[in-house]
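# Structural characterization, general
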Amino acid sequence: MATPSTIPPQTLAKQSAIVVGSGLAGLSAASQLISQNVPVHLLERSAKPGGNSIKASSGINGAPTKYQPVFDDAFYSDTIKSAGKALFSMVTHREKLISTLTNSSASAVSWLVDQKGIDLSNVAQLGGHTHPRTHRGAGQTPPGASIVLTLLKFLKESPLFNLQTSCTVTKVLSAGSRVTGVEYSCENGEKKELHGPVIFASGGFAGDAEGMLAKYRPDLAGYPSTNDPRPGTQPLLTAVGAQVLDMDLVQVHPTGFIDPKNPSSPLKFLAAEVLRGEGGLLLMDGKRFINELDTRENVTNAIMKNPSSSNSPKQWEIKIVLDEGVYNAVKSHVDFYMWKGLMKITTIEELGDGALEAVKRYADAAAGKEKDSLGRTSFAHWSLKDPKPDSVVYAGIVTPVVHFTMGGVLINEKSEVLKEEGERIEGLWAAGEVTGGVHGGNRLGGSSLLECVVFGRIAGDHCAEFLKGNQGS
Ligand SMILES: Cc1cc2nc3c(=O)[nH]c(=O)nc-3n(C[C@H](O)[C@H](O)[C@H](O)COP(=O)(O)OP(=O)(O)OC[C@H]3O[C@@H](n4cnc5c(N)ncnc54)[C@H](O)[C@@H]3O)c2cc1C
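Position labels on residues start from 1 in each chain and follow its written sequence. Owing to the predicted nature of the model, reporting of local features is limited to residues with pLDDT of at least 70; listing and counting of side-chain atom pairs is limited to 80 or more, with chain, interface and lining totals taken over all residues. Side-chain figures throughout are based on the complete set of non-hydrogen atoms in the structure, without hydrogens or water.

## Brief notes about the packing of helix H4 (residues 105-115) against helix H13 (residues 447-469)
In this description, a line fitted to the C-alpha atoms serves as the axis of each element, helices being fitted only across the stretch in contact, and the angle between N-to-C directions of two axes falls anywhere from 0 to 180 degrees. Put simply, DSSP H or I for four residues or longer makes a helix, DSSP E for two residues or longer makes a strand, and each gets a number counted from the N terminus. Between H4 and H13, the least distance of the axes is 10 Å, while the angle of their chain directions is 90°. For the element pair H4 / H13, the angle class is roughly perpendicular. Residues Ser105, Ser107, Ala108, Trp111 and Leu112 of H4 form the contact with H13, whose own contacting residues are Leu450, Val453, Val454 and Arg457. Ten residues, namely Ala, Val, Leu, Ile, Met, Phe, Trp, Tyr, Cys and Pro, are considered nonpolar, four, namely Asp, Glu, Lys and Arg, are considered charged, and the remaining ones, Gly among them, are considered polar. Counted by class, the contact of H4 with H13 contains 6 nonpolar, 2 polar and 1 charged residues. Angle categories are assigned with fixed cut-offs, so that under 35 degrees is roughly parallel, over 145 is roughly antiparallel, 65 to 115 is roughly perpendicular, and the rest are oblique. The contact criterion used throughout is that any non-hydrogen atoms of two residues lie within 4.5 Å.

Here is the structure:
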């Protein structure tokens, strides 16, 4: 194994790059830096690395890839469409970010599969996508965990990688308009400083219910979330002049499980979008009410226009229903949810009044006997042709949950953090959910892991270039 002393000195950057956050964006940036012989000091606030990235369950978008070889030029237009009205401002800037995201998706997936050996061989179609392009593995391990744990394993093999957990960055240090490092404190509370260029990959603020969420979206106070409660970090960057945008654009995911054992818990487990993507349907009071493959925003709005079943937390009771065919396609997910008591095997009769009729019509549309009245055209693995009251189905109860913050610090396509006037802040890059502008008003499922890999790697490359350029100074 190479050690710093065995790496030729001309290829080894003298100073470490500082990466803040050990989710997928931070790990992608760190991997890229290490691949260029740049030492990395990664600071992570939690005791365990992985952030929200390790929880990701549906997958990562990419097109074309070896598992999605169909020429797919609609990824860019799907993203633009999903971004919606947010695109009315800073149009050119946003379009550049979106084309960087979608044009780099093939190489991002190939990097994970071909260079890191991660299995992403299953491809599903999620809401808002006109083609299947969300990749996950065929085995039991959810995609977030398999990607994060593999990247971490590779990084830990490098002597250039220094990971410190339970250490929170409290301030970004600067001299004039240049970022020079960070102040941080670990478990004993003592403040320390690290000097070097900084990549911020500190995630979003969906779990900061009492702080940033309450400030930017007070209407979402009281909603449950899929994110752990933790303060958002954009203020550390605005303190050195970073511009933020889209801070009020918060994604509410339509399906977080209501745990029958603890229905009023504010922290919900996500019911992965792939359940609907692979053929699952939604029932409200025994009726379908939306094309389940519509965007998250539209599915959520269709639920929330009805009276909630509880105000503390604010939630609705929607049934998510899979047949045997869909179950087999997402077996690892459903087995896990059943093990956690969030889904159960039941019969259509048990789903309550109206369900049999709704499931029959869905099955007829899936079999091509009639057009779906809600406009759904892909039924993926749905296989039940003649639903009966005693037909076996898999079901759980779900509700909308605060899930993802589209807003954050403004970056350009080099992942450089920009000031109000649009100039870059020297020595500072950002990637992942801490940034804003890549998704507009609505993030497509699978595009967050993608943004972490794409912009994280770009940040790593540019930071390495910066350090090597400063080598002699
Ligand atoms: C349950 C769930 C399922 C999801 N499924 C998918 C999916 O299938 N596909 C998809 O594309 N997206 C999915 N998402 C969204 C996606 O996982 C996240 O948006 C993405 O992983 C964010 O990655 P990140 O690296 O930007 O941040 P994170 O993974 O959240 O990592 C940020 C890290 O920074 C650390 N940190 C924060 N502040 C500091 C500080 N001051 N000092 C030191 N460390 C700090 C945090 O502790 C954290 O570990 C899902 C999200 C959730 C919650």
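Moving on from the coordinates now.
## Here we look at the nonpolar core
Residues Leu33, Leu112, Ile147, Phe200, Leu428 and Phe455 are the most contacted members of the largest nonpolar core, which totals 73 residues. Ignoring any residue separated from it by four or fewer positions in sequence, one finds Leu33 in contact with Ala17, Val19, Val38, Val40, Ile199, Gly460, Cys463 and Ala464. Of all hydrophobic cores here, the second largest spans 53 residues; its members include Ala124, Ala206, Met247 and Val252. Residue types Ala, Val, Leu, Ile, Met, Phe, Trp, Tyr and Cys, when buried and joined through side-chain atoms within 4.5 Å, form a set referred to as a nonpolar core. Relative accessible area decides the class of each residue, using a 1.4 Å probe on protein chains only: under 20% of the type maximum gives buried, over 50% gives exposed, and in between gives partly exposed.

## Description of the site of the ligand
The immediate surroundings of the ligand are formed by 40 residues, with Glu44, Ser53, Ser58, Glu433 and Ser448 found nearest. Between the ligand and Leu24, the relevant distance is 3.2 Å, taken from an oxygen atom to a main-chain nitrogen or oxygen of the residue. Counted as a polar contact is a pair of N or O atoms within 3.5 Å, where, for protein atoms, one must be capable of donating a hydrogen and the other of accepting one, and residues adjacent in sequence contribute only when both atoms are in side chains. One of the backbone nitrogen or oxygen atoms of Gly51 is found 3.4 Å away from an oxygen atom of the ligand. The set of elements that each furnish at least two residues to the shell around the ligand consists of helix H1 (24-35), strand E7 (168-175), strand E19 (392-405) and H13. At 4 residues, the largest contribution of residues to the shell around the ligand is made by H13. Taken together, the residues that form the shell around the ligand break down as 12 nonpolar, 22 polar and 6 charged. Each residue is tested against the molecule or strand, and it is near if at least one of its non-hydrogen atoms lies within 4 Å.

## Remarks on the sheet that holds strand E3 (residues 60-61)
Spatial strand order, E3-E5-E4: 3 strands in an open sheet with antiparallel pairing. Each having just a single partner strand, E3 and strand E4 (122-124) make up the two edges of the open sheet. Sheet analysis places E4 next to strand E5 (residues 134-136), joined by 3 bridges and oriented antiparallel. Looking at E5, one finds that Ala124 is bridged to Thr134. Criterion used throughout: strands pair if DSSP finds at least two bridges between them.

## A few points about the sheet that holds strand E23 (residues 435-436)
Spatial ordering of the open sheet is given by E11-E20-E23, a layout of 3 strands whose pairing is mixed. Strands with a single pairing partner mark the edges of an open sheet, and in this sheet they are strand E11 (244-245) and E23. In terms of strand pairing, E11 meets strand E20 (residues 408-410) through 2 bridges, oriented antiparallel. When the bridges of E20 are listed, Leu245 appears paired with Gly408.

## Let's talk about the packing of aromatic side chains
Centres within 6.5 Å make a pair out of two Phe, Tyr or Trp rings, where for Trp the six-membered ring is used; the pair is then stacked when the planes are under 30 degrees apart, edge-to-face when over 60, and tilted otherwise. Summed over all chains, the structure comprises 11 aromatic pairs. Pairwise contacts between aromatic rings join Phe257, Phe269, Phe336, Tyr337 and Trp339 into one cluster. Here, a charge over a ring is recorded when the distance from Lys NZ or Arg CZ to the ring centre is within 6 Å and its angle to the ring normal is within 35 degrees. Stacked on the ring of Phe154, the Lys or Arg Lys153 has its end atom at 4.8 Å from the ring centre. The residue whose ring lies beneath Arg443 is Phe404, and the NZ or CZ to ring-centre distance is 4.2 Å.

## Quick look at a nonpolar patch on the surface
Residues Phe269, Phe336 and Trp339 make up a contiguous nonpolar surface patch of about 360 Å² in total accessible area. By secondary structure assignment, the location of Trp339 is in helix H11 (residues 331-339). Residue Trp339 is classed as exposed on the basis of its relative accessible area of 69%. Only residues whose relative accessible area exceeds 30% and that form no salt bridge enter a patch; like-charged residues are grouped when within 9 Å of one another, and nonpolar side chains (Val, Leu, Ile, Met, Phe, Trp, Tyr) when within 5 Å. Accessible surface area values rest on a Shrake-Rupley calculation with a 1.4 Å probe, where residue burial reflects the displayed protein chains alone. The rule for a salt bridge is simple: a side-chain nitrogen of Lys or Arg has to be within 4 Å of a carboxyl oxygen of Asp or Glu.

## Describing the domain arrangement of the protein chain
Segmentation of the chain into domains, including their bounds, is taken from an automatic or database domain assignment. Entries for the protein chain in the domain assignment read domain 1 (4-248 + 406-469) and domain 2 (252-402). Taken over C-alpha atoms, the centre of domain 1 sits 31 Å from the centre of domain 2. Buried area counts how much accessible surface, traced with a 1.4 Å probe, disappears from two parts once they are put together, with both parts' losses summed. Broken down residue by residue, the surface that domain 1 buries against domain 2 is led by Tyr223, Pro224 and Thr226, which jointly contribute 28%. Linking domain 1 to domain 2 there are 1 salt bridge. Here Glu278 and Arg136 are joined by a salt bridge, their closest N and O atoms 3.4 Å apart. For the pair domain 1 and domain 2, the interface holds 13 residue pairs in polar contact (both at pLDDT 80 or more). Residue composition of the side of domain 1 that touches domain 2, grouped by class: 8 nonpolar, 13 polar and 3 charged.

## Overview of the pairing of strand E12 (residues 250-257)
Note on strand geometry: in a regular strand, side chains alternate between the two faces of the sheet. Along E12, 8 of the 8 residues are buried, which leaves the element largely enclosed by surrounding structure. Pairing analysis gives 6 bridges linking E12 to E19, with the strands arranged antiparallel. For Phe257, the partnering residue across the bridge sits in E19 and is Val398.

## What to know about the layout of surface pockets
Taken as a whole, the second largest pocket encloses approximately 390 Å³ of empty space. Put plainly, a pocket is an open set of points on a 1 Å grid over the protein atoms alone with protein on both sides within 12 Å along at least five of seven lines, a cavity is a set where a 1.4 Å probe fits but cannot get out, and a lining residue has an atom within 4 Å of a point. Contributing to the lining of the second largest pocket are 21 residues, with Lys81, Gly128, His129, Leu293 and Asp294 lying nearest its centre. Looking at the lining of the second largest pocket, the elements that each hand over two or more residues are helix H2 (74-83) and helix H9 (296-304). Considering every element that reaches the lining of the second largest pocket, the biggest residue donor is H2, with 3 residues. Along the lines of polarity and charge, the residues of the lining of the second largest pocket split into 3 nonpolar, 13 polar and 5 charged. For the lining of the second largest pocket, the domains that each give at least three residues are domain 1 (4-248 + 406-469) and domain 2 (252-402). Grid points are joined across faces, edges and corners, and a volume is the space filled by probe spheres set on the points.

## Let's talk about unusual backbone geometry
Between Ala63 and Pro64 the backbone carries a cis peptide bond, its omega angle lying at -10°. Mapping Pro64 onto the fold places it in the loop between E3 and H2. The residue after Ser312, namely Pro313, is reached through a cis peptide bond having omega -5°. Within the secondary structure, Pro313 sits in the loop between strand E15 (310-311) and strand E16 (314-315). The residue Asn37 is not glycine, and still its phi comes out positive at about 60°.

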